[in-house]
Amino acid sequence: MMWIDTHAHLDDERLIGQVEEIISEFIEAGGKGIINPSYDKDSMEASVDLAKRFDLVYATVGMHPHDAKDADESFFDRMKELLEEEKVIGVGEIGLDYHYDHSPRDVQQEIFERQMDLAAQKSLPVAIHSREAHQDTYDILKKYEGRVIGIMHSYSGSWEMAKNYLDLGYYLSFSGPITFKNSRKLPEVAKNAPLDRILVETDSPYLTPVPFRGKTNRPLYVQYVAQKVAEVRDMPVSSLMEAVRENVKVLFPTMTLLD
Ligand SMILES: [Zn+2]
Ligand SMILES: [Zn+2]
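Scope of this entry: the structure provided in the associated data block. What you see is a predicted model, and the numbers here were worked out from it, not measured in a lab.

## Looking at the pairing of strand 7 (residues 171-174)
Burial of strand 7 is two-sided: the residues Tyr171 and Ser173 facing one way and the residues Leu172 and Phe174 facing the other way are all buried. Sheet topology places strand 6 (residues 150-152) next to strand 7; two bridges connect them, and they run parallel. By the bridge assignment, Met152 is partnered in strand 7 with Leu172. For the crossover that starts at strand 6, traverses helix 6 (residues 159-167) and ends in the parallel strand 7, the hand is right-handed. In terms of strand pairing, strand 7 meets strand 8 (residues 198-200) through three bridges, oriented parallel.

## Structural notes on the coordination of the zinc ion (ligand 1)
For the zinc ion (ligand 1), every protein donor is listed as Glu93 (OE), His129 (ND1) and His153 (NE2), and the spread of their distances is 2.0 to 2.1 Å. All donor residues of the zinc ion (ligand 1) come from one chain, and their arrangement in sequence is E-x35-H-x23-H. The zinc ion (ligand 2) is placed at 3.4 Å from the zinc ion (ligand 1), the two being bridged by Glu93. In this pair, His129 sits in strand 5 (residues 126-131) while His153 sits in the loop between strand 6 and helix 6, placing the two residues 24 residues apart along the sequence. Comparing His129 with His153, the two get one shared label, buried.

## As for unusual backbone geometry
Comment: phi is negative for the bulk of residues other than glycine, and the bulk of peptide bonds are trans. Along the chain, Ser204 connects to Pro205 via a cis peptide bond; the corresponding omega equals 5°. Structurally, Pro205 can be placed in the loop between strand 8 and helix 8 (222-233). With omega at 15°, the peptide bond leading from Val210 into Pro211 counts as cis. Relative to the helices and strands, Pro211 is located in the loop between strand 8 and helix 8. Positive phi is not limited to glycine here, since Asp203 has a value of about 55°. Along the polypeptide, Asp203 turns up in the loop between strand 8 and helix 8. Within the chain, Asp234 stands out as a residue other than glycine whose phi angle is a positive 60°. One can find Asp234 in the loop between helix 8 and helix 9 (237-251). The class of Asp234 is exposed, set by a relative accessible area of 72%.

## Re the packing of helix 2 (residues 41-53) against helix 3 (residues 73-82)
The N-to-C vectors of helix 2 and helix 3 enclose an angle of 15°; their axes lie 10 Å apart at closest approach. Looking at the two axes, helix 2 sits roughly parallel to helix 3. Here helix 2 runs over helix 3; the crossing is left-handed. Here Lys41, Met44, Glu45 and Val48 of helix 2 lie close against helix 3, whose contacting residues are Ser74, Phe75, Arg78, Met79 and Leu82. For the contact of helix 2 with helix 3, the per-class residue count stands at five nonpolar, one polar and three charged.

## What to know about the coordination of the zinc ion (ligand 2)
Around the zinc ion (ligand 2), the protein contributes the donor atoms His7 (NE2), His9 (NE2), Glu93 (OE) and Asp203 (OD), at 2.1 to 2.4 Å from the metal centre. Bound by four donor atoms, the zinc ion (ligand 2) shows angles of 88 to 175° at the metal and therefore irregular coordination geometry. In the primary structure, the donors to the zinc ion (ligand 2) are separated according to the pattern H-x1-H-x83-E-x109-D. A relative accessible area of 8% means that Asp203 is categorised as buried.

About the thresholds
Residues numbered from 1 in each chain as written. Chains lettered and ligands numbered in written order. Predicted model: local features only at pLDDT ≥ 70, side-chain atom pairs only at ≥ 80, totals over all residues. Heavy atoms only, no water. Buried < 20%, exposed > 50% of the residue type's maximum accessible area, 1.4 Å probe, protein only. Helix = DSSP H or I, 4+ residues; strand = E, 2+ residues; numbered from the N terminus. Pairing = 2+ DSSP bridges. Right-handed = clockwise from strand over helix to strand, strands pointing away. Donors = N, O, S within 2.8 Å, 3.2 Å for Na, K, Ca; no water. Axes fitted to C-alpha atoms, helices over the stretch in contact; angles between N-to-C directions. Parallel < 35°, antiparallel > 145°, perpendicular 65-115°, else oblique. Left-handed = near helix turned anticlockwise from the far one by under 90°. Contact = heavy atoms within 4.5 Å. Nonpolar A, V, L, I, M, F, W, Y, C, P; charged D, E, K, R; others polar. Tetrahedral: all angles 85-135°; square planar, octahedral: opposite > 155°, others 65-115°.

As structure tokens, then:
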């Protein structure tokens, strides 16, 4: 089998200490690529370091909406420098989070748009984090229609909303919650979404899928997400992962997956 994890925080303190083991177990199981998004200034550096250390790891750089209030000019200066790095393939994770509201909403929106501007300038895809903010997220993405596309990471909205993001050219990435017993709307989204717009991820160390729910997540567990998506679509998981591989190649043309 062949696996790709389009969103894992290997630099998280729960994973970084055993990152070599985590990556080798993933490769041994057929792991071909991992995208490591950033969430703040230190995380950008850590993500780029990981991409340099491991062939199959690629980085995106950006400021998470939680920490939008910390996005000062020195952050943006450094982000622009890191966007020139060879294995930096996108901007993220960026977006809006109205569940926690760790940063004021107007600040979240401003920092989100500034990072969308950078993605547009550099013609890079974005990794979008949106929690309880789907309408405002959509309104901002809509302003960049035709200039920026990317991933709705750990997509958690309805199928109705998903159609709007698909119309803008975005990909839907599924994660652990689709495997949860009480999850009804996510299987519906995964069933209806076009195969050429589907991705899978873990969001490690968060959102651990069944049967490991409650434990620390790791890229190896992307297979449980993929299996669930394949099951609701009534297709073999190998065919689903072939489609994911093609989608990754289209969205991230400079990412080289392992053979
Ligand atoms: Zn996120
Ligand atoms: Zn994340």
